[in-house]
Amino acid sequence: MRKKAKKTKLEDLSRYISKCIYCQKEIYSDHSFVALVKTLEPITHVYAHYQCMKDDDHSRAEDKTFEQHNY
Ligand SMILES: [Zn+2]
């Protein structure tokens, strides 16, 4: 039996996206990352690892716990 040829799709390739605004490390397209709108006119984006953003949200949520408990 012949082995199936493994095709490399463009989406599978790891492409450099940008620097993470939180950890300042490179983000590649195969990472989980998010694009955040930085300015609206003209529209520009900043990029962050999904995990970095989550960690940041979490630390900000912790700061607010004294005034908001039901989130
Ligand atoms: Zn990061």
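Okay, so let's go over this structure. (Residues numbered from 1 in each chain as written. Predicted model: local features only at pLDDT ≥ 70, side-chain atom pairs only at ≥ 80, totals over all residues.)

Some words on the overall build of the protein chain
Stage number 1. Tallying secondary structure elements over the protein chain gives one helix and four strands in all.
Stage number 2. In the protein chain, the succession of α and β elements from N to C terminus is β-β-β-β-α.
Stage number 3. Within the span of the protein chain, comprising 71 residues, buried residues form 8% of the whole. (Helix = DSSP H or I, 4+ residues; strand = E, 2+ residues; numbered from the N terminus. Buried ≥ 20, exposed ≤ 12 C-beta atoms within 10 Å, placed from the backbone.)

A closer look at unusual backbone geometry
Stage number 1. Following Glu41, the chain continues to Pro42 via a peptide bond in cis, the omega torsion being -5°.
Stage number 2. Of note, Pro42 is situated in the loop between strand 3 (33-40) and strand 4 (43-49).
Stage number 3. Even without a glycine there, the phi angle at Gln24 is positive, about 65°.

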